[in-house]
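# Structural description and commentary
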Number of protein chains: 2
Amino acid sequence: MSETSIKASMIDRDIASVQEANKIFYDAFETLDIQKMDNLWLQDDYVKCVHPGWEICRGWPDVRDSWVLIFNHTHEIKFSVCLLDVTVKADLAWTVCNETIATKDNGKWLEGRVLSTNVFERRQGAWLLVHHHGSPVLATASQEEETDEPVT
Amino acid sequence: MSETSIKASMIDRDIASVQEANKIFYDAFETLDIQKMDNLWLQDDYVKCVHPGWEICRGWPDVRDSWVLIFNHTHEIKFSVCLLDVTVKADLAWTVCNETIATKDNGKWLEGRVLSTNVFERRQGAWLLVHHHGSPVLATASQEEETDEPVT
């Protein structure tokens, strides 16, 4: 194996690991599982989280509180996540995702779209989330609709 | 000078350089100066930009087009930028900013608030912008108001 192909293989492996960490994030969100969030986030002062439309949450205690608040107020949520890109630079990586989110309200599924930036830092071989920034995509009239079924 | 203080001094210098790059970004935006944007952004395929409410722009040509479009449709804009935090990790850094933006429309200044994540990459000693994600902060009734004067 040439040096170039070893390097390419390492990059592929890094990208796959970041994709896996990114998947864990959305699994934790969809299953409203605070323990999975606890395990995924770097529990440090400099981590930050911007939920769509919210003020910023700074530092792990604030970030964690925001997830607890969201999870406590969410009955059912479904994600369809399109991972648009992964960039890995040494021990940092960021993903950009297009999230279609369906939440159940009074028996009806209401859909919305969010673009997110997720920054991960590698610590002892594990990719930990250090920054999440989610923002609403303004829907056109034809995109915003109520259905009886969640996104698939 | 001890090794620790040399390291601290290098970190301070890095943070100052990133702050300066972040300032250049907002200067370029406020003065609607596409050449400053050209110089600040890394002109590569993997750079991305999310303007508040927009779909994502991917790759330098798309990102540049978005700035040209914004600049062509903006008559006057004023920023009050509060840099909330700078994180530097080797040759990557990200800033988080609270932007109060005033735009002039029919002689009236209209204010809005945006939270932004800006990711910079160091290339040959210069911090270049590789990712900008801006998203609207939902204003309360008391925060959203028209004035005759821009933000200061």
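Residues numbered from 1 in each chain as written. Chains lettered and ligands numbered in written order. Predicted model: local features only at pLDDT ≥ 70, side-chain atom pairs only at ≥ 80, totals over all residues.

## Some thoughts on the overall build of chain A
The helix and strand tally for chain A stands at three helices and seven strands. In sequence order, chain A lays out its α and β elements as α-α-β-β-α-β-β-β-β-β. On the principal axes, the C-alpha backbone points of chain A span a range of 60 × 35 × 25 Å. Split into buried and exposed, the 152 residues of chain A put 29% on the buried side. In chain A, once contacts between residues fewer than 6 apart in sequence are set aside, the share between residues at least 24 apart is 51%. (Helix = DSSP H or I, 4+ residues; strand = E, 2+ residues; numbered from the N terminus. Buried ≥ 20, exposed ≤ 12 C-beta atoms within 10 Å, placed from the backbone. Contact = placed C-beta atoms within 7 Å.)

## Examining the interface of chain B and chain A
With 25 residues of chain B at the interface, the matching set in chain A holds 25 residues. Of all the secondary structure elements, the ones that give two or more residues to the side of chain B that touches chain A are strand S1 (48-50), strand S3 (77-89), strand S4 (92-105), strand S5 (108-123) and strand S6 (126-136) of chain B. For the side of chain B that touches chain A, the per-class residue count stands at 14 nonpolar, six polar and five charged. (Nonpolar A, V, L, I, M, F, W, Y, C, P; charged D, E, K, R; others polar.)

## What to know about the pairing of S3 of chain B
All names here are of chain B. The pairing of S3 with S4 spans 12 bridges and is classified as antiparallel. If you follow Ser80 over to S4, its bridge partner there is Thr100. Here S3 hands over to S4 after two residues, with Ala90 in that stretch at a positive phi of 55°. (Pairing = 2+ DSSP bridges.)

## Here's the deal with helix H1 (residues 3-30) of chain B
Along an α-helix, residues three or four positions apart point the same way, because every turn accommodates 3.6 residues. Residue and element names in this part refer to chain B. Look at H1: 41 Å from first C-alpha to last across 28 residues, which is about the 40 Å you get at 1.5 Å a residue. By the burial criterion, the buried members of H1 are Val18, Ala21, Asn22, Phe25, Ala28 and Phe29. Looking at the buried residues of H1, the elements they touch are helix H2 (34-40), S3, S4, S5 and S6. (Expected span 1.5 Å × (residues − 1).)

## A look at the relation of the copies chain B and chain A
For the pair chain B and chain A, the relating rotation is 180°, the translation along its axis is 0.0 Å, and the fit reaches an RMSD of 0.0 Å. Such values leave the two copies arranged in the relation of a two-fold axis. Minimal C-alpha separation from the rotation axis in chain B is found for Ser135 of chain B, amounting to 2.7 Å. Comparing interface residues between copies, 100% of those in chain B also lie at the interface in chain A; the contact surface is shared. (Least-squares fit on C-alpha atoms with pLDDT ≥ 70 in both.)

## So, helix H1 (residues 3-30) of chain A
Residues and elements named next belong to chain A. Within H1 the residues assigned to the buried category are Val18, Asn22, Phe25, Ala28 and Phe29. Close packing links the buried residues of H1 with helix H2 (34-40), strand S3 (77-89), strand S4 (92-105), strand S5 (108-123) and strand S6 (126-136). Two residues or fewer after H1 comes Leu32, characterised by a positive phi angle close to 50°.

## Remarks on the environment of Ile70 of chain B
All names here are of chain B. Within the secondary structure layout, Ile70 lies in helix H3 (residues 60-72). Assessed through the 15 C-beta atoms surrounding it within 10 Å, Ile70 is described here as partly exposed. As for Ile70 and His51, which are separated by 19 residues in sequence, their C-alpha atoms are 9.8 Å apart.

## Considering unusual backbone geometry
All names here are of chain A. Backbone geometry places Leu32, a non-glycine residue, at a positive phi of 50°. Residue placement: Leu32 occurs in the loop between H1 and H2. For Gln124, which is not glycine, the phi dihedral falls at a positive 50°. Its location among the elements puts Gln124 in the loop between S5 and S6. Here Gln124 falls in the exposed class, since 5 other C-beta atoms lie within 10 Å of it.

## Some words on the nonpolar core
Core analysis: the biggest nonpolar cluster contains 54 residues, and Ala93 and Phe120 of chain A together with Val18, Ala93 and Phe120 of chain B have the highest contact counts within it. Here Phe120 of chain B is in contact with Val18, Ala21, Ala93, Trp127, Leu128, Leu129 and Val130 of chain B, once residues within four sequence places are set aside. (Core = buried A, V, L, I, M, F, W, Y, C linked by C-beta atoms within 7 Å.)

## Comments concerning the environment of Tyr26 of chain A
Structurally, Tyr26 of chain A is set in helix H1. Sequence separation between Tyr26 of chain A and Thr117 of chain A is 91 residues, and the spatial gap between their C-alpha atoms is 13 Å.

## Comments concerning the confidence of the model for chain A
Residue and element names in this part refer to chain A. When pLDDT is averaged along chain A, the result is 90, and 90% of the positions lie at 70 or above. Counting interchain partners and residues more than four positions distant, the pLDDT-below-50 stretch residues 141-147 has five contacts. Predicted complex metrics record ipTM = 0.86 and pTM = 0.88. (pLDDT = per-residue confidence, 0-100.)

## As for the environment of Leu115 of chain A
The residue Leu115 of chain A is located in strand S5 in this model. The class of Leu115 of chain A is buried, set by 23 C-beta atoms lying within 10 Å. A C-alpha to C-alpha distance of 7.2 Å links Leu115 of chain A and Val96 of chain A, two positions 19 residues apart in sequence. The contacts of Leu115 of chain A, once residues within four sequence positions are left out, are Asn98, Ser135 and Val137 of chain A together with Val50 and Ile56 of chain B.

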